[in-house]
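Understanding the architecture of this molecule
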Amino acid sequence: MEELVGLREGSSGNPMTLRELWSPCPRIRRGIRDGLGWLKQKLFREGEDWHLLMTLGVLMALISYAMNFAIGRVVRGSGLPELKTILSGVILEDYLDIKNFGAKVVGLTCTLACGSTIFLGKVGPFVHLSVMISAYLSRVRTKAVKESENRRKQKEMLVAGAAVGVATVFAAPFSGVLFSIEVLASRYSVWDYWRCFFAATCGAFMFRLLAVFNSEQETITSLFKTSFRVDVPFDLPEIFFFVVLGAICGILSCAYLFCQRTFLIFIRTNCFTSKLLATSKPLYASLVALILASITYPPGVGRFLASRLSMKEHLDSLFDNNSWALITRNSTPPWPAEPDSQNLWFEWYHPRFTIFGTLAFFLVMKFWMIILATTIPMPAGYFMPKFIYGAAIGRLLGEALSVAFPKGIIAGGVTYPIIPGGYALAGAAAFSGAATHTISTAILAFELTGQIVHALPVLMAVLTANAIAQSCQPSFYEGTIIAKKLPFLPRIQGRKLSSHGVIVEHFMNCAIIMLAKDMTLEDVAKVVTSTNVAEYPLMESTESQMLVGIVQRAQLVQALQAEPSSWPPERQRCLQDILADGCPVEPVTLQLSPETSLHQAHNLFELMNLRSLFVISRGRAVGFVSWVELKKAISNLTNPPAPK
């Protein structure tokens, strides 16, 4: 106990310790300590975490801009499939560890430094980085208020982090939130909606504000400036061609998704490549990079791929509202020694190939080059390459229409020239939306360009492409989950009425291992050592078999280890004794009935992020359903087994 030596000056009798008396500036120190205590009380009040969301947005904007700044001057994969798995209730060890943050940043910076050689972006890894920071901020808050870990609050921060990651890459808060919902969430809580928008707005605002501070922009503007005609951006008959463009993008996206998933599975299962990836990842990455760099070398084949342009310049050129085919009819523009920022489209022209030849060659080559690049074990984003690829598809169709209708399509006696850049915008949104199974790419296209004049045709193209892709292939991220064999609960694709007739009794696992209170500890030990399940259903007695709760295996093993090695026969203990000594029994709060439909069980698993549930009939446990049984039942709906 500290010795009290006096009273504080001007106080009403509060004692002062010896340490306080001899510490320098006691009043200032007390004021700072009281101020910090007040700030902690205000910031970490129950339910208040707006400051964490704002901090998350500002931090990710700073990192995103710093990364772009570094690239402008001079943990592998995307991360979205793993995050999708985590939000479905699966725990992936070390995936959100802040220690991996630095390695991810360095690896992503190197990827972006490759430019159009590797042709990869940063959306996926940046979402991963944002989620890492949000998980870290969540842990900081938990330690600051000294409360137990709250899984619900952590998930709220992860969802907000995913939205911020997309928003700070494109400075697009609306599409950032919607894209994260469509890609990552099978069930979405409305409570997270405003939180995601708040954090995403802070991040997007800060990202564009930094461009103003660095004198790159005079004010806050869109990322890709366009000059589409505003009064009549398209004629009514052109709606048909936008729908055709959506269908083309949908068909090509199906081919891309199938080839990408098949090739990724081949790389991971082939003896040579799998061994190379397991033992010599740098060697594999170097070989792939060498192949891509050789093809994109500008004086060589890269001359026909506009390989001197960066990914941003690719979009700037493809969104040009002038028709290159009409311009080059009577003139041959020179190929400049360096890309001309005012005439980036010169990079797409070759006197022998023409505009149509270079665009078609770009689409053919980039189709397999993007697929090959996705196998490189390095941090990289795969959304932006698909966005540019779709823009090239739309540009090719727009150029063809401008040549077919050089004065425009006649509608009501008035003609307006066709804008190929509008088709490029629609193609970018349609192909990337079809590949990711999202509609929000349409809104992303509007936020990127700052113009909404093509809202209707772009949305129709995106819907058409999604209708085709979703009915034929899993999304890019779901396909990656399948190839990597990550634990994930697929959606029920069957829309037939017969699928609602499938009930739990048809596919549940009846091989259930149960414990009874009157079982001897010797029998309990045999059950525990011969199985590795995480939990056991507990019955009232072997005779009644009435379910009374659940015992966790880890806690049961701990209780058994605390027991003496042997007991006299007259003192033989049973499971009831160690339960009475403190081994906890959890109540069965959620359960299934044998008559529960497959759709109801699937919805419950998705909504509550469950891994398994017991099936109870008249108070007795008759089986259980886990992801394994649900996946098998869903697979049988899509591909019914052959009759025996």
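Residues numbered from 1 in each chain as written. Predicted model: local features only at pLDDT ≥ 70, side-chain atom pairs only at ≥ 80, totals over all residues. Heavy atoms only, no water.

To continue, consider the pattern of salt bridges. All told, the structure shown has 4 salt bridges when counted by the stated rule. For Asp 316, the salt bridge goes to Lys 312, with nearest N and O atoms at 3.2 Å. In this pair, Asp 316 and Lys 312 both sit in helix H13 (residues 311-318), 4 residues apart, roughly one turn of the helix. Residue Asp 316 is classed as partly exposed on the basis of its relative accessible area, which comes to 24%. On the basis of relative accessible area, Lys 312 is assigned to the partly exposed category, the value being 41%. (Salt bridge = Lys/Arg side-chain N within 4 Å of Asp/Glu carboxyl O. Helix = DSSP H or I, 4+ residues; strand = E, 2+ residues; numbered from the N terminus. Buried < 20%, exposed > 50% of the residue type's maximum accessible area, 1.4 Å probe, protein only.)

The next subject is the sheet that holds strand E4 (residues 535-539). Strand order in this open sheet of 3 strands is E3-E4-E5, and the pairing throughout is mixed. If you trace the sheet from one side to the other, it starts and ends with strand E3 (515-516) and strand E5 (547-552), each paired once. Taken together, the 2 bridges between E3 and E4 define a ladder with parallel strand orientation. Pairing of Ala 516 across the sheet is with Met 539, part of E4. Sheet contacts for helix H23 (residues 553-561): E3, E4 and E5; angle to E5, the most-contacted strand, approximately 75°. (Pairing = 2+ DSSP bridges. Contact = heavy atoms within 4.5 Å. Axes fitted to C-alpha atoms, helices over the stretch in contact; angles between N-to-C directions.)

Where helix H12 (residues 281-295) contacts helix H15 (residues 354-373), the axes come no closer than 10 Å and their chain directions differ by 160°. Between H12 and H15, the interaxial angle falls into the category roughly antiparallel. In this structure, H12 meets H15 at a crossing whose hand is left-handed. Contacts from Val 288, Ile 291, Leu 292 and Ile 295 of H12 reach H15 at Met 365, Trp 368, Met 369, Leu 372 and Ala 373. When its residues are assigned to classes, the contact of H12 with H15 shows 9 nonpolar, no polar and no charged. (Parallel < 35°, antiparallel > 145°, perpendicular 65-115°, else oblique. Left-handed = near helix turned anticlockwise from the far one by under 90°. Nonpolar A, V, L, I, M, F, W, Y, C, P; charged D, E, K, R; others polar.)

Counting buried positions along E4 gives 4 out of 5 residues, so the element sits mostly inside the fold. For E4 and E5, the ladder comprises 5 bridges, and the chain directions are antiparallel. When the sheet's bridge partners are listed, Pro 537 is paired in E5 with Ile 550.

Considering all chains together, one arrives at 23 aromatic pairs under this definition. A centroid spacing of 5.9 Å and a plane angle of 65° characterise the contact between Phe 170 and Phe 383, whose relative ring orientation is edge-to-face. Placement of the pair is Phe 170 in helix H7 (residues 151-170) and Phe 383 in helix H16 (residues 383-404), with a sequence separation of 213 residues. Phe 383 shares its class with Phe 170; the two are buried. Taking 5.4 Å as the distance between ring centres and 85° as the angle between the ring planes, the aromatic pair formed by Phe 476 and Tyr 477 counts as edge-to-face. One exposure class covers both Phe 476 and Tyr 477, and it is buried. Taken together, Tyr 256, Phe 367, Tyr 382, Tyr 389, Phe 431, Phe 476 and Tyr 477 form an aromatic cluster joined through their ring pairs. Note that Arg 395 overlies the ring of Trp 324, its terminal NZ or CZ placed 3.9 Å from the centroid. In this structure, Arg 611 is placed above the aromatic ring of Trp 627, and the distance from its NZ or CZ to the ring centre is 4.5 Å. (Phe/Tyr/Trp six-rings, centres within 6.5 Å; stacked < 30°, edge-to-face > 60°. Lys NZ or Arg CZ within 6 Å of the ring centre and 35° of its normal.)

Here Lys 485, not a glycine, exhibits a phi torsion of approximately 60°, which is positive. Relative to the elements of secondary structure, Lys 485 occurs in the loop between helix H20 (476-484) and helix H21 (504-507). For Lys 485, a relative accessible area of 72% puts it in the exposed group. Phi is positive for Arg 618, close to 55°, though the residue is something other than glycine.

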